[in-house]
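Analysis of the macromolecular model
As a plain string of letters, each chain reads:
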Amino acid sequence: DPSEGDQASEIESLKEEYEFEIESLKEEYKMVTDDYKEAIARYENFVEKAIDYLSEDDLLLLAKGEWDYEIVINEEPIPSSGEIDISESDFEIAFSERRTDFQILPDEIYNEGALSGDYFDHLTIEGVEPNDIQRTDGTIVTGFIYEFESLPSNTSFQLVLSDELKERLELETNTITINIQ
């Protein structure tokens with residue numbers, strides 16, 4: 001049947017076309033990744049040299065910029081005044097630490113940017129006990145989720161933050177008051 005021969009020829013032609021396209025994409029990928037690796041090496045070299053010109057305070061400021069901290073209640077940020085009203089009796093408080101996904105500072109400087117000590121040194125809950133505390137631990141983000149259930153209306157409690165965490169969260173107060181409506 002002549003149409004079968006035409007189909008086989010067309011399939012072979014498409015196969016060659018796709019194989020050529022795959023090889024082209026592989027070459028393009030290699031060029032892009034090589035460029036990326038070269039750029040990383042240049043940044044690392046630059047940082048290594050620039051560090052010599054920075055003071056300890058400047059280095060600490062850079063390192064702190066590599067770490068972000070956040071406390072949210074039901075995914076809502078805490079206002080800088082430190083007082084929040086909640087209408088639900090079931091809710092979550094999440095405290096997270098996010099590292100940059102591309103570290104260019106040397107480890108000994110980079111690690112100085114994290115909060116000192118353990119997370120529980122920086123956040124305590126006064127007035128109620130969470131039903132559960134979960135830890136999420138990823139490569140870039142570490143978090144603690146405090147779950148509260150069936151808290152009665154007209155209940156208030158506090159999150160007490162260390163000075164260090166207060167500064168990192170850019171809050172006006174160390175005591176966050178949560179009012180259950």
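Above this text is the structure in question.
These lines cover the structure that appears in this document, whether it is placed above or below. Computed from a prediction, not measured in an experiment: that's the story for all the values here.

Where strands meet in a sheet, backbone hydrogen bonds hold them as pairs that are either parallel or antiparallel. Overall, antiparallel pairing links the five strands, which are arranged E2-E1-E4-E7-E6 in an open sheet. On the outer flanks of this sheet lie strand E2 (76–77) and strand E6 (132–137), each paired with one strand and no other. Relative to strand E7 (residues 141–148), E6 runs antiparallel, the two being bridged by six bridges. Counted as the bridge partner of glutamine 134 is isoleucine 145 from E7.

In this structure, serine 89 sits in the loop between strand E3 (83–86) and strand E4 (91–99). The exposure class assigned to serine 89 is partly exposed, which follows from its relative accessible area of 30%. Along the chain, serine 89 and glutamine 181 lie 92 residues apart, while their C-alpha atoms are 8.3 Å from each other. When neighbours within four sequence positions are excluded, serine 89 is seen to be in contact with Phe148, Glu149, Ser150 and Leu151.

Glancing now at a nonpolar patch on the surface. A surface patch of nonpolar side chains, about 290 Å² in accessible area, is lined by Leu14, Tyr18 and Ile22. Residue placement: isoleucine 22 occurs in helix H1 (residues 2–51).

Overall, the coordinates contain five salt bridges when judged by the stated rule. For lysine 64, the salt bridge identified is with glutamate 167, shortest N-O distance 3.3 Å. Taken together, the positions of lysine 64 in helix H2 (residues 56–64) and glutamate 167 in helix H4 (residues 163–169) put the pair 103 residues apart, joining distant regions of the chain. Take lysine 64: its relative accessible area is 24%, and that puts it in the partly exposed class. In this structure, the salt-bridge partner of aspartate 137 is arginine 135, at a minimum N-O distance of 3.2 Å.

Turning our eyes to something else, we now look at the nonpolar core. Ile71, Phe91, Ile93, Phe148, Phe157, Leu159 and Ile178 are the most contacted members of the largest nonpolar core, which totals 35 residues. A per-element tally of this core places strand E1 (residues 67–73) first, with four residues. When residues no more than four places from it in sequence are discounted, the contact partners of isoleucine 93 are Ile71, Val72, Ile73, Phe144, Ile145, Tyr146, Phe148, Phe157, Leu159 and Ile178.

Parameters at a glance
Residues numbered from 1 in each chain as written. Predicted model: local features only at pLDDT ≥ 70, side-chain atom pairs only at ≥ 80, totals over all residues. Heavy atoms only, no water. Pairing = 2+ DSSP bridges. Helix = DSSP H or I, 4+ residues; strand = E, 2+ residues; numbered from the N terminus. Buried < 20%, exposed > 50% of the residue type's maximum accessible area, 1.4 Å probe, protein only. Contact = heavy atoms within 4.5 Å. Patch = residues over 30% accessible without salt bridge, like charges linked within 9 Å, V, L, I, M, F, W, Y side chains within 5 Å. Areas by Shrake-Rupley, 256 points an atom, 1.4 Å probe, with all protein chains shown as cover. Salt bridge = Lys/Arg side-chain N within 4 Å of Asp/Glu carboxyl O. Core = buried A, V, L, I, M, F, W, Y, C linked by side-chain atoms within 4.5 Å.

Limitation: the analysis is restricted to geometry and does not speak to function.
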